[in-house]
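Chains, contacts and geometry: an overview
Each chain, written out:
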Amino acid sequence: MVSAWTFAPFVLALVHFGQCSPIVPPLYRYEDYTKCRQDDQIGAYCFVKVVFQEDRDPFDTPRIVAEFRHSLLDWGICVADCEREMSSLTQEQRHRLFQPKFQINHTYILPDHWGQYLQSYKDRYGELINVCVNNRLERNYNVHRHAYSEIEYCTSKDELGMSKKNPDWLMITFHCIIVLTLIVLMVGAQRR
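The rules behind the values
- Residues numbered from 1 in each chain as written.
- Predicted model: local features only at pLDDT ≥ 70, side-chain atom pairs only at ≥ 80, totals over all residues.
- Heavy atoms only, no water.
- Disulfide = S-S within 2.5 Å.
- Helix = DSSP H or I, 4+ residues; strand = E, 2+ residues; numbered from the N terminus.
- Buried < 20%, exposed > 50% of the residue type's maximum accessible area, 1.4 Å probe, protein only.
- UniProt positions renumbered as here; feature names shortened; annotations may be inferred.
- Pairing = 2+ DSSP bridges.
- Axes fitted to C-alpha atoms, helices over the stretch in contact; angles between N-to-C directions.
- Contact = heavy atoms within 4.5 Å.

**Some details on the state of the cysteines**
Evaluation of the coordinates by the stated rule reveals three disulfides. A sulfur-sulfur distance of 2.2 Å marks the disulfide that ties Cys36 to Cys78. Its S-S torsion of about 85 degrees marks the bond between Cys36 and Cys78 as right-handed, since a negative value means left-handed. Of this pair, Cys36 sits in helix H2 (residues 33-39) while Cys78 sits in strand S3 (residues 72-78), placing them 42 residues apart in sequence. Considered together, Cys36 and Cys78 belong to a single accessibility category, that of buried residues.

This is the structure in structure tokens:
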């Protein structure tokens, strides 16, 4: 007769592996950029740095190559998908998933050369993406240790209306030169 203690290791292994994600979050994860731009009115897509605090290895597993910084992920996020996901969460859940910025002792993001252009995206989507990323980490990878997410660069169909406010002077100059060249050629052809 087999005792209950014989099956105990198997039961513990099943419980353990049932609660653990079979795959750790990818270092690089980019959603479909083209689909994001086609499926949404605004078509906002952001490149995001996801940073875990480094007091310990967030993914203590031999499946990750040791040369990579495990605490830094580089993801591309479709904002419309995040907005759909967040619509099903309560305010308490969003608050729980939000990770404020903490002390980061390494360079994780490019210096901000985008100025006001990028700030409008950060103001509009920064918190949403932070909560969305932590929700995906919990849901898809069973990671309950929250990460800070910062927008590195964003793009949208109309660049948040900036294209309507600021005309593209380079393109306007190009068109003016073409028109002037055509006028000069037509005037020159008529004088012959």
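**Considerations on the UniProt feature "transmembrane region" (unreviewed entry) in the chain**
The sites that UniProt annotates as "transmembrane region" (unreviewed entry) are residues 169-189. The span residues 169-189 is 100% helical and 0% strand by assignment, and the distance between its end C-alpha atoms comes to 30 Å.

**Topic: the sheet that holds strand S1 (residues 28-30)**
Working definition: the strands of a sheet are paired by backbone hydrogen bonds and lie parallel or antiparallel to each other. Spatially, S1-S3-S2-S4 is the arrangement adopted by the four strands of the open sheet, whose pairing is mixed. Looking at which strands have only one partner, the edges of the open sheet turn out to be S1 and strand S4 (148-155). Between one strand axis and the next, the sheet turns through 15 degrees on average, direction left out of account. Pairing geometry for strand S2 (residues 45-51) and S4, over seven bridges, is antiparallel. Looking at the pairing, Lys49 lines up with Glu150 of S4. Its contacts with the sheet put helix H3 (residues 79-86) on S2 and S3, and the angle it makes with S3 is roughly 90 degrees. Here helix H5 (residues 116-141) sits on the sheet in contact with S1, S2, S3 and S4, set at roughly 125 degrees to S4.

**Details of the environment of Gln103**
Structurally, Gln103 can be placed in the loop between helix H4 (91-97) and H5. For Gln103, a relative accessible area of 63% corresponds to the exposed category. Gln103 sits 49 residues away from Glu54 along the chain, and the two C-alpha atoms are 9.9 Å apart.

**A few points about unusual backbone geometry**
Of note, the phi angle at Asn142 is positive, near 55 degrees, even though the residue is not glycine. Tracing the backbone shows Asn142 in the loop between H5 and S4.

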